[in-house]
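Results of the structural survey
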Amino acid sequence: MAIRKIRVDEDPILRKVSRKVEVFDDRLFQLLDDMHDTLKQKDGIGLAAVQIGVLRRVVVVEYEGNSMELINPEIIEREGEQCENEACLSLPHRAGKTVRPKSVKVRAQNRNGNWCLYKGTDLLARCFCHEIDHLDGKLYTDRLVPGEKVFFTED
Ligand code: NI
């Protein structure tokens, strides 16, 4: 078990584009395990590898008791729209209202390299979009509802 340091605020790595995973080996499994440990310790729902300083297209999600591992994820369908407050472990103590699809379908590889399909609605759709954005160097602050600002929170 290893908790990794989360990159925050103006760390330039957060704006970089992550590379596709081509090799599904022990190093990837270690990365995934560390990401789960780090996410659980922070009590978050989603974490992208770039947030711990690894520029690979890897995301982990902890949602309603389900642990998900999404490698090379792509959104293949978007439906509807939602505007809700969103936060990020890399931008601590802040939140902001974003525009996201109401539901999405995501295609991603698992740790064995097999392609799987995920469907998310509401919070889970936001989470998938938010984490996949991280892989392209985007933050939720790029997706704010027009006229909305990031605000400070208690946590
Ligand atoms: Ni985030």
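The following refers to the structure shown.

Here we come to the overall build of the protein chain. Summing up its helical and strand segments, the protein chain has two helices and eight strands in all. Listed by position from the N terminus, the elements making up the protein chain come as α-β-β-β-β-β-β-β-α-β. Taking 2.2 N^0.38 as the reference for a compact globule, 155 residues should give roughly 15 Å; the C-alpha atoms of the protein chain span a radius of gyration of 15 Å, in line with that estimate. Oriented by its inertia axes, the alpha-carbon framework of the protein chain measures out at about 45 × 30 × 30 Å. Residue burial in the protein chain is summarised as follows: out of 155 residues, 46% are buried. Partitioning the intrachain contacts of the protein chain with sequence separation of at least 6 by distance along the chain shows that 67% fall at a separation of at least 24.

The five strands are arranged β1-β2-β3-β6-β7 in an open sheet whose pairing can be described as antiparallel. Of all strands in the sheet, those with a lone pairing partner are β1 (46-48) and β7 (115-121), marking the two edges. Neighbour-to-neighbour, the strand axes of the sheet open up by a mean angle of 40°, direction not taken into account. On top of the sheet, helix α1 (residues 26-42) reaches β1, β2 (58-63) and β3 (66-79); it is set at about 40° to β2, its chief contact.

Another point: the side chain of Ser90. If you trace the backbone, Ser90 turns up in the loop between β4 (82-88) and β5 (91-100). A polar contact is formed between the side chain of Ser90 and the backbone oxygen of Arg7, at a distance of 2.8 Å. Polar side-chain contacts of Ser90 include one of 2.9 Å to the side chain of Gln51. Leave out the neighbours within four places in its chain, and Ser90 touches Ile6, Arg7, Val8, Asp9, Leu14 and Gln51.

Turning our eyes to something else, we now look at the environment of Asn66. Topologically, Asn66 is positioned in strand β3. Remark: the alpha-carbon pair of Asn66 and Val8, spanning 58 residues in sequence, is separated by 26 Å.

For the rest of this paragraph, the subject is the pattern of salt bridges. Per the counting criterion, the structure on display carries 13 salt bridges. Notably, a salt bridge pairs Asp9 with Arg94, separated by 2.5 Å at the nearest N-O pair. Taken as a pair, Asp9 in the segment before α1 and Arg94 in strand β5 lie far apart in primary sequence, 85 residues in all. Accessibility expressed as a relative area gives 32% for Asp9, which makes it partly exposed. For Arg111, the salt bridge identified is with Asp33, shortest N-O distance 2.8 Å.

This part takes up helix α2 (residues 123-135). With 13 residues, α2 ought to run about 18 Å at 1.5 Å a step, and its terminal C-alpha atoms sit 19 Å apart, in line with that. Counting buried positions over the 13 residues of α2 gives twelve, a clear majority of the element. Taken together, the buried positions of α2 are Leu124, Ala125, Arg126, Cys127, Phe128, Cys129, His130, Glu131, Ile132, Asp133, His134 and Leu135. Following α2 by one or two positions, Gly137 has its phi on the positive side, about 75°.

Moving on, we get to the pairing of β5. Relative to β5, β4 runs antiparallel, the two being bridged by six bridges. By the bridge assignment, Glu86 is partnered in β5 with Gly96. Connecting β4 to the antiparallel partner β5 that follows it, the hairpin turn spans two residues. The pairing of β5 with strand β8 (residues 151-152) spans two bridges and is classified as antiparallel.

Cut-offs applied
Residues numbered from 1 in each chain as written. Predicted model: local features only at pLDDT ≥ 70, side-chain atom pairs only at ≥ 80, totals over all residues. Heavy atoms only, no water. Helix = DSSP H or I, 4+ residues; strand = E, 2+ residues; numbered from the N terminus. Rg over C-alpha atoms; globule rule 2.2 N^0.38 Å. Buried < 20%, exposed > 50% of the residue type's maximum accessible area, 1.4 Å probe, protein only. Contact = heavy atoms within 4.5 Å. Pairing = 2+ DSSP bridges. Axes fitted to C-alpha atoms, helices over the stretch in contact; angles between N-to-C directions. Polar contact = N/O pair within 3.5 Å; in protein donor to acceptor, adjacent residues only side chain to side chain. Salt bridge = Lys/Arg side-chain N within 4 Å of Asp/Glu carboxyl O. Expected span 1.5 Å × (residues − 1).

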